[in-house]
Amino acid sequence: MTDDTSPLDTSPLDTPLPGLPAPPPPGARALPPGTYDGTVVLVTGGGSGLGKAMAAEFAGLGADLVIVGRGEERLEAAREELAGLGGRVVVAVCDVRDPEQVGAAFDLAVREAGLPGVLVNSAAANFPCPAEDLSPNAWRAVVDITLTGTWFTTREFGRRHLAAGTPGSVINVGASYAWTGGPGYAPSAAAKAGVRNLVETLAVEWGPYGIQVNGLVPGLFPHPDMPDAIRSGLETAAARGELDARQPALRVGEPRELGWAATFLASPYARFISGHTLVVDGANWQRRTVVAAPVTPVREQLGRGPFMG
């Protein structure tokens with residue numbers, strides 16, 4: 001008699017698996033009310049997407065916000081949305097690639113609300129492309145916004161607190177391919193690796209002065225502000241019923257879950273956490289298959305023809 005079962009059997013289960021539980025509903029807070037009363041939180045990329053989602057959670061806990069971005073219209077729309085959550089919302093139009101504009105944004109923050117006690121670096125650029133097709137300008141655009149822009153804002157924040165002798169907290173939004181590499185996203189992966197290293201370097205340099213520096217890595221948190229090339233792929237997967245099934249949690253993240261993680265990392269309850277990067281992705285970045293799938297070149301995955309030089 002033979003045993004027909006196999007540990008490699010991939011047939012569907014009769015009973016659906018539950019996956020990780022859903023989060024508490026919108027409006028729930030992870031920390032006590034008023035945790036951020038009297039604190040100014042500056043969020044780059046705060047006018048849209050996950051930056052705005054994190055800003056909303058800080059505002060719900062009493063923070064005054066300074067949201068920074070390049071698009072005034074988008075920032076003003078975000079201001080109206082966030083103002084209903086509590087504190088003041090200051091808009092600063094700024095290209096983080098320009099250190100003079102960064103300094104001016106901090107000057108505005110100080111005049112309108114006070115020196116930010118928390119900095120969230122969420123501004124970034126990204127798009128899928130085979131490495132061999134990247135132009136020098138495309139490389140520079142992604143790296144300059146994601147890494148250099150993060151450095152300029154963090155430097156400005158740190159210098160002001162060092163001069164004032166006051167504590168502060170920095171959260172740099174990263175990506176899991178800072179550890180693993182990111183085929184199809186070479187400039188972003190390289191830049192995010194630099195961002196992660198800044199977390200570990202500056203946490204040691206600035207810890208003696210009361211400044212903590214941490215990283216926060218989001219998993220898949222679909223939102224309307226995603227780049228078209230990424231959003232269209234997710235919409236196709238969702239239409240096929242495959243999106244949740246691609247996650248070990250059997251669901252994607254809700255943006256507020258990232259906001260709860262951010263508010264904790266910068267809170268008084270996390271003062272002894274510094275130099276750490278927290279991954280919030282339902283264990284997706286650790287996923288491996290028992291038998292590796294066949295390799296599909298990035299060009300083929302992106303529907304590109306043969307490289308012609």
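We now turn to the structure provided with this report. Predicted, not measured: the structure shown is a model, and the values here were computed from it.

**Details of the environment of L234**
With respect to the helices, strands and loops of the structure, L234 is situated in helix 7 (residues 228–239). Residues L234 and P222 lie twelve residues apart in sequence; the distance between their C-alpha atoms is 7.9 Å. With residues near it in sequence (within four places) discarded, L234 still touches L220, M226 and L243.

**What to know about the nonpolar core**
One finds F58, V120 and L216 to be the most contacted residues of the largest nonpolar core, which totals 31 residues. Listing elements by their share of this core, those giving two or more residues are strand 1 (40–44), helix 1 (49–60), strand 2 (64–69), helix 2 (72–83), strand 3 (89–93), strand 4 (118–121), strand 5 (168–173) and helix 8 (255–265). When residues of this core are assigned to their parent elements, the largest contribution, six residues, is made by helix 1. With residues near it in sequence (within four places) discarded, V120 still touches V41, L42, V43, T44, M54, F58, I171 and V173.

**A look at helix 2**
Under the 1.5 Å per step criterion, the end-to-end length of helix 2 is 16 Å for twelve residues, consistent within 8% with the ideal 16 Å. All buried positions along helix 2 are accounted for by L75, A78 and L82. Buried residues of helix 2, seen end-on, are gathered within an arc of 65° and therefore sit on one face of the element. In helix 2, the exposed residues that point more than 90 degrees away from the buried face are E73 and E80. Close packing links the buried residues of helix 2 with helix 1, strand 2 and strand 3.

The rules behind each value
- Residues numbered from 1 in each chain as written.
- Predicted model: local features only at pLDDT ≥ 70, side-chain atom pairs only at ≥ 80, totals over all residues.
- Heavy atoms only, no water.
- Helix = DSSP H or I, 4+ residues; strand = E, 2+ residues; numbered from the N terminus.
- Contact = heavy atoms within 4.5 Å.
- Core = buried A, V, L, I, M, F, W, Y, C linked by side-chain atoms within 4.5 Å.
- Buried < 20%, exposed > 50% of the residue type's maximum accessible area, 1.4 Å probe, protein only.
- Expected span 1.5 Å × (residues − 1).
- Arc of directions from axis to C-beta.

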